[in-house]
Each structure stands twice: as structure tokens, then as C-alpha cells.
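# Structural description and commentary
Take a look at the letters that make up each chain.
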Amino acid sequence: MPTLDHGDVTLTEPPWCAGHDGPAETRDDIHHTAPVAVAGGPVGLDVELVEFPYGAVPVPVSLYVELHPAAATLDPDGLRDLAAAFADRATLLRALAERLAALRAGGTW
């Protein structure tokens, strides 16, 4: 992969990586990424596998997680529904943590 600060950088592509968008500005910017499909729900999750092998602080394969909506004004029933949604999402996140642990141990996603 071409970079402005280190020229061409060769690295092993993990099987889970979904590809790259053009050249990286710097070697620190080189990263692997792949979206992770999760079912919808009242608490939305955007999840992707990421790895920054040359980052200023290298990041081994990890999960980047965004929650949305970021804010809401809720009545008591809405709060109860949100709590139930978070409980469901917690179960999903625990399952993703186990898959990530297996991947880091040399398994597949």
C-alpha cells in the first residue's frame, strides 16, 4: 500500500478485511476494516472489525462500536423499553466479545 511517509508498505491482509480505499496518507493510517452485521433494534449498533497494525498506538484486531440514537427524552415506559433494549444489546455484545476472543486466538470470525 503506498504511503507518503514510508513509500510502499507491504502487510498481510487478514481474511476478514473488506478492502481499502486508495493510498494511505501515512503508515499510521493503514488499517483493516470490515462491517459486522447486527440485527436492528431500538438501540442501534454499528459494529466493525478494525485493526491498525502501524498506528501510533497499534490496535490489534478489535471491534469498533457506535450506539444510536445518542440521546432521547423518555417517559417511564420508554425508559423501561430502553432498559430492555440495552439488556438485549448486552447479550449481543457478549457474544461478539467471544467471537473476537476466538479470532484473536487464531480462529476465524
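Take the sheet that holds strand 5 (residues 59-68) next. The three strands are arranged 3-4-5 in an open sheet whose pairing can be described as antiparallel. For this open sheet the edge positions go to strand 3 (32-36) and strand 5, each flanked by a neighbour on one side alone. For this sheet, the mean angle separating the axes of adjacent strands, direction not counted, is 20°. Two elements, strand 4 (residues 44-52) and strand 5, share eight bridges in a ladder whose sense is antiparallel. Opposite Leu49, over in strand 5, you have Leu63 as the bridge partner. In this fold helix 1 (residues 76-104) packs onto strand 3, strand 4 and strand 5, with an angle of close to 165° to the strand it touches most, strand 5.

Calculation notes
Residues numbered from 1 in each chain as written. Predicted model: local features only at pLDDT ≥ 70, side-chain atom pairs only at ≥ 80, totals over all residues. Heavy atoms only, no water. Pairing = 2+ DSSP bridges. Helix = DSSP H or I, 4+ residues; strand = E, 2+ residues; numbered from the N terminus. Axes fitted to C-alpha atoms, helices over the stretch in contact; angles between N-to-C directions. Contact = heavy atoms within 4.5 Å.

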